[in-house]
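This is what each chain is made of:
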Amino acid sequence: MIRAPARQPGQALRRHRLTARGRRQAHGWLFVLPSLALVTVFFLVPLGLMGWMSLNDWGLVGEARPVGLDNYSTLFADQRFVDALLFSIRFAVLVVPLIMLVGFGLGALVTSQRRGVAIFRSIYFLPLVIGYAAASYIWLWLFNGQIGLANKVLTDLGVISVPLQWFADPMLGFIAASSLVIWKTVGFSMVLFMGGLQSVPQDLRDAASVDGASRWQMLRYVTLPLMRNTTALVFVFAAISCLLVFEPFFILTKGGPGTSTVGVVQWIFGTSFYAFRLGYGAAASIVLLVLLLTFTSIQVRAFLRD
Amino acid sequence: MTSRRTARVRGAAWYGTSFVLAVIFLFPLMAVLITVFKTPAEAVAVPPTYLPSVISFDNFAALWSAGAGLPRYLANSAFVSTGTVLLTVVLATTAGYGIARIRFRGADAVFLLLLTPMMVPLQALLTALYAVLVRIGLSDNLIGLVLIYTVSILPFSVFVMRNAFADIPREIEEAAWVDGCGVLRSLLQVALPLAWPGIATVALFAFFTSWNEFLAALIMLTSDAHYTVPLLLQNITIGKLGSINWGMLQVGILVTTLPCVVVFLLLQRYYVRGLLAGGVKG
Amino acid sequence: MHPRYRIFSVIAQLSVAAALVVAGCSSSSTPQPTQAATQAATVAATMTAAPSTATTTACKGITFWARSDTSPFIQPLVDAYNALGGPRVELTVVPAGAAFTQKLGAALAAGTAPDVISLNLVYAPYFASKGQLADITDRAKALGYVDQLNASELRVGTWNDKIYALPFTGDASALFYNKTLFKRAGLDPSKPPTTWAEILDDAKKVAALGGGVSGYYFPGSGSGWNLFTFTPYIWASGGDVLTGEGANQKSNLNTQPVKDALAFYRELWTSGVIDPSAQTDDGTSILTLFEAGKVAMLPNGAFAYSEFKSKFKNLDYGITFIPGKNGGKASFAGGDTITITAATKCMDQAWDFVKWTTSTDTQTKYIAGAGVVPIRPDAVPANADANFTTLIQAMAMGQTPKSVVYSQLFEDPTGPWATMIHESVFSGNIDQQVASADAAWNAIIAAGAK
């Protein structure tokens, strides 16, 4: 909206008069400046340092040896890195839809006005409140073959007769880790979907039901389209957190059996913390960043049109 | 009459589903709550027992007196988390407002830039980040941690606040502008009250993330007096070559979770208030 | 421009400039250890006993890092030293594990490393080879008792014939066995097994008792744990996993003793005497079953001795040496070395502390007295029980692999060592596993020697 500032009679025209648009520019930049400054110093600068590290062969201590783009070319030929990346992608593809579905369902459930809804809402949100590592250790304990309650409950319910070794099998380990990730993060999606559902104006819903829309049609043609922003938000965050999943697999399966459940972040961790090849690990992180940046910018462009 | 019965069936279905889900969600935490009161021996019994046979406070006592004492670490963690919440709310609100409302040229690029910190895993960035902090003189300093945590939670927070402000109809604000309201006043008096759920969300996540974070705290803090609670827990629960003291682990989880639950219960009033205010008509 | 906006734009430009300045254009002063300032007041001229008076540097205090494994006994030790007067030692307990080396490395790179470190002995070669540790050869030799200190730890703390780290605490591996279960199975609790065949036999007898009881246990997914407890079987049979040192180092995995040891473990597994949860245990639950009295034999470490003494007094167990195939015995000599960083500004004071920690008096009172294996034979308390005595003997004859790529070879849970053991024991293709691990090790060693 462009509006020229009102001129009072007698007020001289200033030499450097800013249009309303120019004023908006200045304001806009001003408002984002503090955040930009912080991100520059505490992210962009270390990132630049990491970029430099990726062009070197550098152990934890000692001298760095410049190797140009060697780290990057080695990376793409490194089967274990590619496997780890594919594993993270597979995990995300499987788990993100689950998170969104369960999150949406829970969100719809807790937007009701019934008595007690606040308690339920708090319970579903509670897992978010614990640290990821702590939650992983709880799961490690619950699914322990000997002292874990998961086996005990399943045995008592008659589902199994012999205790399962959850982390000895890639499939069972995957299930255990996925259940952890969903339990831990779905409250987040629920809360976001809640906000999105609330923002759908009641008048529109009333109008649609007057027109004879079924619940399913209302969902599909009224509610969901109006929740694009929220859905995009949930999707982006769920996808990124699943792609960067670390603690669940690191603590539960340790990447095993063998290397069947090693994700890309655990691979980077191993390269940096066990092999001390920080330059190489930095290159992998940069590659990961580029991939995620591409992914996010596509989402942002596609979904967030105001 | 059918509609009344349908309503009752629906009500029952709602309560039934919600209850079953609640039991599933609470189970892991309840299990921890019960186990903290078991003796070290019973905590690792095979097969496990459901309820403790003898109530024991051994683990609590050990936790309280570990290192420089639990209160010290709790104070450090509280300082870091509060600082992170305050800084994050201020920065995310201003940035989100700027991007959503003031459609200046380059807003989209700035938005994307502010999202990038979440795309680099912290483990990878840590060594470089530590080098930068040392240079600035903020290593082994809780304020340094506050700044790092803020940067890591900023992407999510800016996204949420941007969405929160974008959801407010322009007409409301334009009305304010017509009335001669400056941008800042418009933000504070018009937009902000409508964005409470967003602020509550941002505050909650900033608190939880900073309260529970371990790795950055480990690398950045070198003196015991500055340690936060997750470091203490790691020290006392993970023993030789990774063997775990299960009893201490349960107590540690309980102690760290409690403040988060309190904060959550406090803040969710604002959340609900914002939602029940009815959002937006038309 | 409207004055209001001009002010804003000026502020904006200043903030950007400030951010750039802060981001690295300035040269900030090297951060002093924050502890040093508080130490200033406590520097006293009166020295009563041990600490030497040789120093004239303006050193206000020493920073000392120890890993969390040492927390039961490290604070009293430091307090005792500080009570003697002189420059204060400021202790920081750091969580043990992979993160410790990362933290140390980051600190070394940024110049904020501590003066003295209680360093897991297996990391000493790496940091010594990178020039991060101070050369204390002359000072150590001047002590006159350096050859009384644990030989294996000293060897690992030596690089290119120079001493960089001294032994500080001991931790040996040995075979723990549950005497109650032995008696129930009709075995003589004073005659633990001395060969592999005897272990297998005894394990079968105990497993026959039923009731969820198993004869043997080990962490099937473990990496560091198996280095600690499985390698001695190879050593006691006359073999080794590595040969040579430094540039001459080579993998020795593709040899008969290694294959025999793996076959032995495989046999234990296929006989059903090991609890199934061993398959996924990486060490997190290794003590759990033994503490619950459900395991007859467990290769374990000396650290468990003090743990059991305080928390599991009712456990009636014995300790014996890890045997070779047909007899013999071996142990992994582990523990912490104590070392001074090369960048320290408090060399004399740091050395004074280090020297004090290796003295007979300190070792007897604060190490052995806390139930931790000391690193010199004259530090054994008079009232040491049979179990503790066995551990001390195990430590004295113990061995330690020495490699700059130790972490990658032995600690990586997805690395060749862990995979080789896991696959050989639970799937059985030993020859193939050994060959591929051998090749992977040589590749790692070659890459690390560059």
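Residues numbered from 1 in each chain as written. Chains lettered and ligands numbered in written order. Predicted model: local features only at pLDDT ≥ 70, side-chain atom pairs only at ≥ 80, totals over all residues.

Undergrad: Looking at this structure, I do not really get the overall build of chain C. What am I missing?
TA: Scanning chain C from N- to C-terminus turns up 20 helices and 16 strands. Residue burial in chain C is summarised as follows: out of 450 residues, 54% are buried. Looking at chain C alone, contacts between residues at least 24 apart form 77% of all its contacts between residues at least 6 apart. (Helix = DSSP H or I, 4+ residues; strand = E, 2+ residues; numbered from the N terminus. Buried ≥ 20, exposed ≤ 12 C-beta atoms within 10 Å, placed from the backbone. Contact = placed C-beta atoms within 7 Å.)

Undergrad: How should I be thinking about the overall build of chain B in this particular structure?
TA: Each helix and strand counted, chain B has 13 helices and 0 strands in total. Listing every helix and strand of chain B by position from the N terminus yields α-α-α-α-α-α-α-α-α-α-α-α-α. Among the 282 residues that make up chain B, the fraction classed as buried is 52%. Considering only contacts within chain B whose residues lie at least 6 apart along the sequence, 76% involve residues at least 24 apart.

Undergrad: In this structure, what is going on with the packing of helix 6 (residues 122–136) of chain B against helix 4 (residues 98–110) of chain C? I would like to understand it.
TA: The axes of two packed helices give the description: the angle between them and the distance between them. Axis separation between helix 6 of chain B and helix 4 of chain C bottoms out at 10 Å; the angle between their running directions is 40°. Comparing their axes, helix 4 of chain C and helix 6 of chain B come out oblique. For the pair helix 6 of chain B and helix 4 of chain C, the crossing hand works out as right-handed. Of the residues in helix 4 of chain C, those in contact with Thr-127, Tyr-130, Ala-131 and Val-134 of chain B of helix 6 of chain B are Ala-106, Ala-109 and Ala-110 of chain C. Along the lines of polarity and charge, the residues of the contact of helix 6 of chain B with helix 4 of chain C split into 6 nonpolar, 1 polar and no charged. (Axes fitted to C-alpha atoms, helices over the stretch in contact; angles between N-to-C directions. Parallel < 35°, antiparallel > 145°, perpendicular 65-115°, else oblique. Left-handed = near helix turned anticlockwise from the far one by under 90°. Nonpolar A, V, L, I, M, F, W, Y, C, P; charged D, E, K, R; others polar.)

Undergrad: Mind showing me how you'd approach the domain arrangement of chain C here?
TA: Accessible area lost on assembly of the parts is the figure often given for the size of an interface. All names here are of chain C. Parsing chain C into structural domains produces domain 1 (56–170 + 335–381) and domain 2 (172–333 + 402–448). Taking only C-alpha atoms, the centre of domain 1 and the centre of domain 2 are 29 Å apart. Elements supplying a minimum of two residues to the side of domain 1 that touches domain 2: helix 4, helix 5 (124–129) and helix 7 (151–156). Per-element accounting of the side of domain 1 that touches domain 2 gives the leading share, 4 residues, to helix 7. The class makeup of the residues in the side of domain 1 that touches domain 2 is 10 nonpolar, 6 polar and 3 charged. (Domains from an automatic or database assignment.)

Undergrad: Which parts of the structure should I look at to understand the sheet that holds strand 16 (residues 336–340) of chain C?
TA: Each strand in a sheet pairs with another by means of backbone hydrogen bonds, the pair being arranged parallel or else antiparallel. All names here are of chain C. Strand order in the open sheet formed by 5 strands is 2-1-3-16-6, with mixed pairing between adjacent strands. One side of each edge strand has no neighbouring strand; the edge strands of this open sheet are strand 2 (88–94) and strand 6 (165–167). On average, adjacent strands in this sheet sit at an angle of 25° to one another, irrespective of strand direction. Pairing of strand 3 (residues 116–120) with strand 16, which is carried by 5 bridges, proceeds in the antiparallel orientation. In the strand pairing of strand 16, Val-116 is matched with Ile-340. (Pairing = 2+ DSSP bridges.)

Undergrad: What exactly am I supposed to notice about the pairing of strand 7 (residues 171–178) of chain C here?
TA: Both faces of the sheet carry side chains from a regular strand, because those side chains alternate between them. Residue and element names in this part refer to chain C. Burial of strand 7 is extensive: 8 of the 8 residues sit out of reach of the surface. In terms of strand pairing, strand 7 meets strand 15 (residues 333–334) through 2 bridges, oriented antiparallel. Residue pairing in the sheet places Ala-172 in a bridge with Ala-333 of strand 15. Pairing geometry for strand 7 and strand 11 (residues 295–301), over 5 bridges, is antiparallel. Note on strand 11: the bridge partner recorded for Ala-174 is Asn-300.

Undergrad: Can you walk me through the interface of chain B and chain A in this structure?
TA: Taken together, the contact between chain B and chain A spans 81 residues of the former and 75 residues of the latter. Among the elements of the structure, helix 1 (2–35), helix 4 (70–100), helix 5 (107–115), helix 6, helix 7 (142–166), helix 10 (196–212) and helix 13 (246–276) of chain B are those that each provide at least two residues to the side of chain B that touches chain A. For the side of chain B that touches chain A, the element with the highest residue contribution is helix 1 of chain B, accounting for 12 residues. Residues of the side of chain B that touches chain A, tallied by class, amount to 60 nonpolar, 17 polar and 4 charged.

Undergrad: Even after reading the chapter, I still don't get the interface of chain A and chain C, so can you show me in this structure?
TA: Tallying the contact residues gives 33 residues for chain A and 37 residues for chain C. Within the residue set of the side of chain A that touches chain C, elements represented by two or more residues are helix 1 (20–54) and helix 12 (264–273) of chain A. Examining the composition of the side of chain A that touches chain C, we find that 9 residues originate from one element, helix 1 of chain A, more than from any other. In the side of chain A that touches chain C, the residues fall into 19 nonpolar, 12 polar and 2 charged.

Undergrad: Looking at this model, I keep getting lost on the packing of helix 3 (residues 79–110) of chain A against helix 12 of chain A. Mind explaining?
TA: Residue and element names in this part refer to chain A. The interhelical angle for the contact between helix 3 and helix 12, taken along N-to-C directions, is 145°, at an axis separation of 7 Å. Packed against helix 3, whose contacting residues are Arg-80, Phe-81, Ala-84, Leu-85 and Ser-88, the element helix 12 presents Val-264, Gln-266 and Trp-267 at the interface. Looking at the contact of helix 3 with helix 12 residue by residue, the classes come out as 5 nonpolar, 2 polar and 1 charged.

Undergrad: Hey, could you run me through the environment of Thr-271 of chain A in this one?
TA: All names here are of chain A. Turning to its location among the elements, Thr-271 is positioned in helix 12. Thr-271 gets classed as buried once you count the C-beta atoms within 10 Å, which come to 25. Taking the C-alpha atoms as reference points, Thr-271 and Ala-284, separated by 13 residues in sequence, lie 9.6 Å from one another. In this view, Thr-271 contacts Arg-277, Tyr-280, Gly-281 and Ala-284; residues no more than four positions away in its chain are not counted.

Undergrad: How do you make sense of unusual backbone geometry when you look at a structure like this?
TA: Residue and element names in this part refer to chain A. A positive phi angle, near 55°, is found at Lys-254, a position not held by glycine. As for its position among the elements, Lys-254 is in the loop between helix 11 (247–252) and helix 12. Of note in the backbone geometry, Phe-276 takes a positive phi value of approximately 55° without being a glycine. You can see Phe-276 is positioned in the loop between helix 12 and helix 13 (278–303).

Undergrad: What am I meant to see in the pairing of strand 2 of chain C here?
TA: Residues and elements named next belong to chain C. Where burial is concerned, most of strand 2 is hidden: 6 out of the 7 residues are buried. Direction of pairing for strand 1 (residues 61–67) relative to strand 2: parallel, over a ladder of 7 bridges. Bridging across to strand 2, Trp-65 finds its partner in Thr-92. For the handedness criterion, the β-α-β arrangement of strand 1, helix 3 (residues 71–83) and strand 2 is classed as right-handed. (Right-handed = clockwise from strand over helix to strand, strands pointing away.)

Undergrad: Help me understand the nonpolar core, please; the structure alone is not making it clear to me.
TA: Generally speaking, soluble globular proteins have nonpolar side chains that are buried together. Cys-242 of chain A together with Tyr-216 and Leu-391 of chain C are the most contacted members of the largest nonpolar core, which has 323 residues in total. The element best represented in this core is helix 1 of chain A, accounting for 15 residues. Sequence-distant contacts of Tyr-216 of chain C, that is, excluding residues within four places in its chain, are made with Ile-199, Ala-203, Leu-268, Val-273, Ile-274, Ala-296 and Met-297 of chain C. (Core = buried A, V, L, I, M, F, W, Y, C linked by C-beta atoms within 7 Å.)

Undergrad: Would you explain the confidence of the model for chain B in this entry?
TA: Caution applies to low-pLDDT regions: their predicted coordinates should not be interpreted in detail. Residues and elements named next belong to chain B. Averaged over all residues, the pLDDT of chain B equals 81, while 87% of them reach at least 70. Per-element averaging of pLDDT across chain B places helix 2 (residues 40–43) at the bottom with 64 and helix 4 at the top with 92. Under a pLDDT of 50 for its full length, residues 275–282 has, in the predicted model, 11 contacts with residues more than four places off or in other chains. (pLDDT = per-residue confidence, 0-100.)

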